[in-house]
Amino acid sequence: MSDTVSVNDSEQPVSGSKPSSGPTDDAAAKTGDGQSPVVDTVDFDAPAISPPTTDPVPKPFEVKFAARVDRLPPYMFGRINNSLYQKRRAGDDVIDLGMGNPSDPPDPIVIQKLHDAAADPGNHGYSKSNGIANLRREVASKYYRKYGVRLDPETEIIACLGSKEGFSHMCLALMGPGDTAIIPSPYFPVHMYGVILASGNVVSLDVADPDKFLRNVAYTCENLTPVPKVLIVNYPHNPSSAVIEPDFFVEVVRLAKKYGFLVIHDFAYADVAFDGYVPPSFLAAPGAKDVGVEFTTMSKGYNMAGWRVGFCAGNADMVRGLGTIKGYYDYGMFQAIQIAAIVALRETEATVEKQSEIYQGRRDVLVSGLRRLGWNVQPPKAGMFVWAEVPEPWRSSMSTMDFAMKLLEEGNVAVSPGSGFGAAGEGYLRMSLVENEHRLRQAVRQIGKCLG
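About the criteria used
Numbering of residues starts from 1 in every chain and runs along the sequence as written. The predicted origin of the model limits local features to residues at a pLDDT of at least 70 and limits the giving and counting of side-chain atom pairs to 80 or more, whereas totals for whole chains, interfaces and linings rest on all residues. As a rule here, side-chain values come from all non-hydrogen atoms in the structure, and water together with hydrogens is ignored. The helix count covers DSSP runs of H or I at least four residues long, the strand count covers runs of E at least two residues long, and both are numbered beginning at the N terminus. Any helix carries an expected span of 1.5 Å times its number of residues minus one. Using a 1.4 Å probe on the protein chains alone, a residue whose accessible area is under 20% of its type maximum counts as buried, one over 50% counts as exposed, and one in between counts as partly exposed. For this quantity, the arc is that covered by the directions from the helix axis to the C-beta atoms. Contact definition: two residues touch when any of their heavy atoms are within 4.5 Å. In protein, a polar contact requires one atom able to donate a hydrogen and another able to accept it; more generally it is a pair of N or O atoms within 3.5 Å, and residues adjacent in sequence count only if both atoms are side-chain atoms. Lines fitted to the C-alpha atoms define the axes, with helices restricted to the stretch that makes contact. Angles between their N-to-C directions range from 0 to 180 degrees. Roughly parallel here means an angle under 35 degrees, roughly antiparallel means over 145, roughly perpendicular means 65 to 115, and every remaining angle is called oblique. Gly is placed with the polar residues, together with every amino acid not listed as nonpolar (Ala, Val, Leu, Ile, Met, Phe, Trp, Tyr, Cys and Pro) or charged (Asp, Glu, Lys and Arg). Only when DSSP finds a minimum of two bridges between them are two strands counted as paired. In this analysis a 1.4 Å probe is tested at points of a 1 Å grid over the protein atoms alone, and where it fits but cannot get out there is a cavity; an open set with protein on both sides within 12 Å along at least five of seven lines is a pocket; lining residues have an atom within 4 Å of a point. Grid points are joined across faces, edges and corners, and a volume is the space filled by probe spheres set on the points.

## Structural notes on helix α15 (residues 437–451)
Given a rise of 1.5 Å per residue, 15 residues ought to cover 21 Å, and the 21 Å separating the end C-alpha atoms of α15 matches this to within 8%. All buried positions along α15 are accounted for by Arg439, Leu440, Ala443, Val444, Gln446, Ile447, Cys450 and Leu451. Along the axis of α15, the buried positions cluster into a sector of 165 degrees, meaning they face one direction only. Summarising the geometry of α15, the exposed residues directed more than 90 degrees from the buried face are His438 and Lys449. Considering only its buried residues, α15 is in contact with β1 (95–96), α12 (349–372), α13 (394–397), α14 (400–411), β10 (413–414) and β12 (428–432). Two or three places before His438, at the start of α15, stands the capping residue Asn436, its side-chain oxygen 3.1 Å from that residue's backbone nitrogen. Once α15 ends, the next one or two residues include Gly452, with phi positive near 70 degrees.

## A look at the side chain of Asp271
Topologically, Asp271 is positioned in the loop between β6 (262–266) and α9 (288–291). Asp271 gets classed as buried once you look at its relative accessible area, which sits at 10%. Within polar-contact distance, the side chain of Asp271 engages the side chain of Lys146 at 3.1 Å. Sequence-distant contacts of Asp271, defined by excluding residues within four places in its chain, comprise Lys142, Lys146, Thr297, Gly301, Tyr302, Val352 and Ser356.

## Observations concerning the packing of helix α7 (residues 210–223) against helix α8 (residues 246–259)
At a minimum axis separation of 11 Å, α7 and α8 run at an interaxial angle of 0 degrees. Here α7 lies roughly parallel to α8, going by the angle between them. Every residue of α8 that contacts α7 at Pro210, Phe213, Leu214, Val217, Ala218, Cys221 and Glu222 is listed here: Phe248, Glu251, Val252, Leu255, Lys258 and Tyr259. In the contact of α7 with α8, the residues fall into 10 nonpolar, no polar and 3 charged.

## Remarks on the sheet that holds strand β8 (residues 310–314)
Here 7 strands make up an open sheet; going across it, the order is β2-β8-β7-β6-β5-β3-β4 and the pairing mixed. Both edges of this open sheet fall to β2 (157–160) and β4 (201–206), since each of them pairs with a single strand only. Strand-to-strand twist in this sheet, taken as the mean axis angle between neighbours without regard to direction, amounts to 20 degrees. Sheet analysis places β2 next to β8, joined by 4 bridges and oriented antiparallel.

## Focus on empty space enclosed by the protein
Considering all chains together, one arrives at 4 cavities of 30 Å³ or more under this definition. Considered as a void within the structure, the largest cavity measures approximately 120 Å³ in volume. Breaking the lining of the largest cavity down by element, the ones donating at least two residues are α4 (133–147) and β7 (292–297). Counting residues per element, the lining of the largest cavity draws most heavily on α4, at 4 residues.

Worth remembering: the numbers are spatial, not functional.
So, in structure tokens, the structure goes:
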């Protein structure tokens, strides 16, 4: 007799079996002893599992960020910014020397051109992400006029949404896991974290002595495997205001060709210099376009920070790589802003020079005032900041962050603690020159009163 048994169509029990609501020991098939297997009936309508009487306790919904975000530290200036906001809400008159945010307006003809261009319906569509042709031509014209550098506006210049955006996207174009960049120390945060967000690694070298910096670049390339892929330089330097002479970039090009690394020069403070000093362009060094690019911006000398107009110029392959990334991320800046930027580049050189004179006057007021208080501070040759050493006894008794909080909470003066720019900045403060001379004198008085 076959061991296979089927439930009949009428769902009646097989002869000799007992109806049952569930399996029993007797329901198992018996073979080898001459007896027929027994199968119980199946209740197809009965639920397989009893429904729960209560809903399960839901787990908290969790958002998990990518590893690149987890590598970012807490925002160093968050504590100061929050206190500044609270004090101003309470009605305190806080003098803000923290951020390098220009407080002066652009030239009136630039604002008028923006108004006129914005009134043209043809300027409100998507724009090319690399910038309109006439704007790139004007950038090429300025480079030739000011630095003697010839650039092809079609292949060697691209417009960016500010130099910070362009720099960050250039890091995405060039770097990936396992790649290393050499950066200046102390560092402007995007120089460190633009590389990290591109999954790269960082080696930071002190910028205080330019010759020593170059020797350390060579030493790093000789002893690190694989050789760093990118060298990032930034002169005039933010935050320390360190400057260099043209022969510095000649040596950078030589090292780049010897060791095979690429160069990115952040030239954000090209238009703000004092005492006759002219910041040199990296691209003016012989062979510079073979190995790197330079980022410039209209945020500083032109007082157009909120307009977000920047440029990348130099090596055509690197410019093309940046353009590829930008093509996936943005549609370019508002065309009316680009048209106004053309006017600014073409017609406001005298205004830019005047702005440097304004910053120089503010520098002199702040430096002389701090020196009267006994601070050891040197006047910068360029940029929008004074890099001031914290005086004793506070330098030895508290962190730079705590000292900055003391000035804010007790003196109503906001500054940037040097530790926000890496460990090499500990012991220093960065003070911006965005307030007028009267406010800077008031800031010095309030600092003196706060420190007793």
